[in-house]
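Chain residues, written in single-letter form:
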Amino acid sequence: IGNFRANFCFMKKILKITGVVLVSFIAIVGLYLVYIAFTDIPSYDIVKIEFQSKSTPESIERGEKLTLMLCANCHLNNDTRKLTGKRMLDAPTEFGEIYSQNITKDKQFGIGNWTDAELLYLLRTGIKKNGQYSPPYMAKVPNMADEDVNAIITFLRSKNPMVEADPTTDTPSKPTFFTKFLCRVAFLPFEMPSKQIPMPDTSNALELGKYLAHSLDCFSCHSADFKTNDFLDPPKSEGYFGGGNKLLDELGREKLALNITPDKVTGIGKWTKEEFVTALKYGIIKDGVALQYPMMTYSPLTDYEAGAIYDYLRTIPPIKNKVNRKVY
């Protein structure tokens, strides 16, 4: 009987300690979740870098082309006709109510008082000049060639009407708890590249196509889910170019990204290069149906560049994933 009582007391003590530990753990987790809910997107220490863009007529022209395809879809406001920002209607509702920012040359409301180094740091890492991180709904360019990043910055500094100073004030985004949580565990800043990133060999269609498909963020929408994209090594993204990612149109209706792998049944395996180029540049697919927002046309691409993307997509593993397109 004595041994039984001793064992019973010992077990009771163990259970009590376990209960205290469990309750403490739950309390700590609860407090952490409350902290996330009532705080903003996290901020980070800024690493000072030296950079001065090199502007030429050619770099500005190249920068305009890249900006139209990579930045304007989110930042171009139809009312101001400038890159003053707007509501990002295609952002999944799980991320919150998201607004792009004013990136005109206005010194108070835009990026007119940003240095070239601060712009480069943002584009490469996702960290703003005040240290706050920009979640994945802002495109970053960790793998873009140095020459192309320089071109984008020189365009933003140019006299183009789209970037002329405009005092339109930013509308603060309203990220969900889910977004703020992911920004602490999964969506993290990128490191600044440790070495120079050269331009691709434009005479090599496959190399050029891969570069464009990644640097223009095509894989980001056309893979399975924004949350599982690998922006540093895009081919490791879940469902790489296999479609199914949930996007929204201007009215908040769900639009699934299409499968553009070379699968012959559910992808573009039976498409000709001409059909693909027509779809990419002009928004008309092979059955005569016009592509709809949030898919934009990439008319600034040359036929050779658009064809190079097609050539690259033909080399990736096909994924059998039938995506039902809703036509409204």
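In the block above lies the structure referred to throughout.
Residues numbered from 1 in each chain as written. Predicted model: local features only at pLDDT ≥ 70, side-chain atom pairs only at ≥ 80, totals over all residues. Heavy atoms only, no water.

A. Broad picture of the overall build of the protein. When you go through the protein residue by residue, the secondary structure sums to ten helices and four strands. Moving toward the C terminus, one meets the helices and strands of the protein in the order α-α-α-β-α-α-β-α-α-α-β-β-α-α. Seen through its principal axes, the protein has C-alpha atoms that stretch 90 × 50 × 40 Å. For the protein, the residues scored as buried account for 45% of the 328 residues in total. Across the protein, every contact between residues at least 6 apart in sequence was considered, and the portion connecting residues at least 24 apart equals 65%. For the protein, the exposed surface amounts to about 17,900 Å²; the carbon and sulfur share of it is 59%. Of the side chains in the protein, 40 bear a positive and 37 a negative charge, and the two mean positions are spaced by 8 Å. (Helix = DSSP H or I, 4+ residues; strand = E, 2+ residues; numbered from the N terminus. Buried < 20%, exposed > 50% of the residue type's maximum accessible area, 1.4 Å probe, protein only. Contact = heavy atoms within 4.5 Å. Areas by Shrake-Rupley, 256 points an atom, 1.4 Å probe, with all protein chains shown as cover. Lys, Arg positive; Asp, Glu negative; His and termini not counted. Charge placed at Lys NZ, Arg CZ, Asp CG, Glu CD.)

B. Examining the pattern of salt bridges more closely. In total, this model carries 15 salt bridges according to the counting rule given. Residues Lys236 and Asp233 are paired through a salt bridge, measuring 3.5 Å at the closest nitrogen-oxygen approach. Accessibility expressed as a relative area gives 29% for Asp233, which makes it partly exposed. Residues joined by salt bridges that share partners form a network here, namely Arg62, Lys65, Asp148 and Glu305. (Salt bridge = Lys/Arg side-chain N within 4 Å of Asp/Glu carboxyl O.)

C. Just a nonpolar patch on the surface, in detail. Among the surface-exposed residues, Leu22, Phe25 and Ile26 lie close enough to one another that they form a single nonpolar patch of about 330 Å² accessible area. Relative to the assigned elements, Leu22 resides in helix 1 (residues 2–37). (Patch = residues over 30% accessible without salt bridge, like charges linked within 9 Å, V, L, I, M, F, W, Y side chains within 5 Å.)

D. Local environment of the packing of aromatic side chains. Tallying each qualifying case throughout the model produces nine aromatic pairs. Considering the side-chain rings of Phe95 and Tyr137, the 6.2 Å spacing of their centres and the 55 degrees angle between planes classify their relative orientation as tilted. With a gap of 42 residues between them, Phe95 in the loop between helix 3 (72–75) and strand 1 (96–97) and Tyr137 in the loop between helix 4 (116–125) and helix 5 (146–156) connect regions that are remote in the sequence. Of the residues examined, Tyr137 reaches a relative accessible area of 19% and is grouped as buried. (Phe/Tyr/Trp six-rings, centres within 6.5 Å; stacked < 30°, edge-to-face > 60°.)

E. Seen up close, the packing of helix 9 (residues 273–282) against helix 10 (residues 303–313). Contact pair helix 9 / helix 10: the axes reach a minimum separation of 9 Å and the direction vectors enclose 115 degrees. Note that helix 9 runs across helix 10; the crossing there is right-handed. Residue-level inspection shows Lys273, Phe276, Val277, Leu280 and Lys281 of helix 9 in contact with helix 10, the latter providing Asp303, Ala306, Gly307, Ile309, Tyr310, Asp311 and Leu313. Grouping the amino acids of the contact of helix 9 with helix 10 by side-chain chemistry returns seven nonpolar, one polar and four charged. (Axes fitted to C-alpha atoms, helices over the stretch in contact; angles between N-to-C directions. Left-handed = near helix turned anticlockwise from the far one by under 90°. Nonpolar A, V, L, I, M, F, W, Y, C, P; charged D, E, K, R; others polar.)

F. Spotlight on the nonpolar core. Among the nonpolar cores identified, the biggest contains 54 residues, and Phe241, Leu301 and Leu313 are the most heavily contacted of them. At the level of secondary structure, the elements contributing two or more residues to this core comprise helix 2 (57–70), helix 4, helix 5, helix 7 (205–215), helix 8 (218–222), helix 9 and helix 10. For this core, the leading source of residues is helix 10, giving six residues. Sequence-distant contacts of Leu301, that is, excluding residues within four places in its chain, are made with Lys65, Met69, Leu212, Leu216, Leu280, Lys281, Ala306 and Ile309. (Core = buried A, V, L, I, M, F, W, Y, C linked by side-chain atoms within 4.5 Å.)

G. Region of interest: the environment of Phe51. The topology assignment puts Phe51 in the loop between helix 1 and helix 2. Phe51 sits in the partly exposed class, given a relative accessible area of 25%.

H. Here's a closer look at helix 7. Among the eleven residues of helix 7, eight are classified as buried, and the element is accordingly described as predominantly covered. Listed in full, the buried residues belonging to helix 7 are Ala205, Leu208, Gly209, Tyr211, Leu212, Ala213, His214 and Ser215. As for helix 7, its buried residues are in contact with helix 2, helix 5, helix 8 and helix 10. Two or three places before Leu206, at the start of helix 7, stands the capping residue Asn204, its side-chain oxygen 3.1 Å from that residue's backbone nitrogen. (Polar contact = N/O pair within 3.5 Å; in protein donor to acceptor, adjacent residues only side chain to side chain.)

I. Structural view of the packing of helix 4 against helix 5. Relative to each other, helix 4 and helix 5 sit at 125 degrees, their axes nearing to 10 Å. Classified by the interaxial angle, the pair formed by helix 4 and helix 5 is oblique. Crossing hand, helix 4 versus helix 5: right-handed. Residues Asp116, Leu119, Leu120, Leu123 and Arg124 of helix 4 form the contact with helix 5, whose own contacting residues are Asp146, Val149, Ile152 and Ile153. Residues of the contact of helix 4 with helix 5, tallied by class, amount to six nonpolar, no polar and three charged. (Parallel < 35°, antiparallel > 145°, perpendicular 65-115°, else oblique.)

J. A look at the side chain of Asp217. Secondary-structure assignment places Asp217 in the loop between helix 7 and helix 8. Buried and unpaired, Asp217 has no salt bridge, with Lys140 as the nearest side chain of opposite charge at 8.5 Å. The residues contacting Asp217, other than those within four sequence positions of it, are Leu70, Ala139 and Phe231.

K. Quick peek at unusual backbone geometry. Cis peptide bonds are those with omega within 30 degrees of zero, and the linkage from Tyr293 to Pro294 qualifies with 15 degrees. Summarising the element assignment, Pro294 is placed in the loop between helix 9 and helix 10. The residue Arg81 is not glycine, and still its phi comes out positive at about 60 degrees. Mapping Arg81 onto the fold places it in the loop between helix 3 and strand 1. One non-glycine residue, Asp217, lies in the positive phi region at around 70 degrees.

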